[in-house]
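# A closer look at the structure
Listed below are the residues making up each chain.
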Amino acid sequence: MSTMSVPAAVQRALDAANNADTEAFLDAFTLDGAVDDWGRVFGGRDAIRGWSDKEFIGVNVRLDVTGVNRSGDRVTVSAVVGGDGFNGPSDFTFVVADDGVSLMQITG
């Protein structure tokens, strides 16, 4: 995937996840950013870290991007997820605000 196909904040989040870099992943979010993982919402840096440690970067996530769809401030990244947790296709919809990710919503 070209870095030109997604906003910089989304690319930072994707790269951080694939590089197992929790701090860089958290830094991609706005101060009030959140993750919505199939309806479970984790708001703020500490909550996102707790979720990621147990279910994302902490289980060696790997995102193999298969498509990108951009509409306004929303970018949906389709990816095949690998690692030691959930494996399979997922969509990650990112809402971008103030040069950061304000929401990363994970769906199927």
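All figures in this text were calculated on a predicted structure; none of them were measured in a lab.

### Some remarks on helix α3 (residues 45-55)
Buried within α3 we find I48, W51 and S52. Along the axis of α3, the buried positions cluster into a sector of 95°, meaning they face one direction only. Exposed residues lying more than 90 degrees from the buried face of α3 are D46 and K54. Tucked inside the fold, the buried residues of α3 contact α2 (22-27), β1 (29-37), β2 (40-43) and β6 (100-107).

### Quick notes on the pairing of β6
By the bridge criterion, 5 bridges tie β1 to β6 in an arrangement that is parallel. The partner of A34 across the bridge, within β6, is L103. Two strands pair when backbone bridges link them, and strand β5 (residues 88-97) and β6 are joined in this way by 7 bridges, in the antiparallel orientation. From the neighbouring strand, V96 faces β6, where its bridge partner is V101. Hairpin connection from β5 to β6: 2 residues lie between these consecutive antiparallel strands, with D98 at a positive phi of about 50°.

Here is what the cut-offs are and how they apply
Residues numbered from 1 in each chain as written. Predicted model: local features only at pLDDT ≥ 70, side-chain atom pairs only at ≥ 80, totals over all residues. Heavy atoms only, no water. Buried < 20%, exposed > 50% of the residue type's maximum accessible area, 1.4 Å probe, protein only. Helix = DSSP H or I, 4+ residues; strand = E, 2+ residues; numbered from the N terminus. Arc of directions from axis to C-beta. Contact = heavy atoms within 4.5 Å. Pairing = 2+ DSSP bridges.

Shape descriptors only; they carry no functional weight alone.
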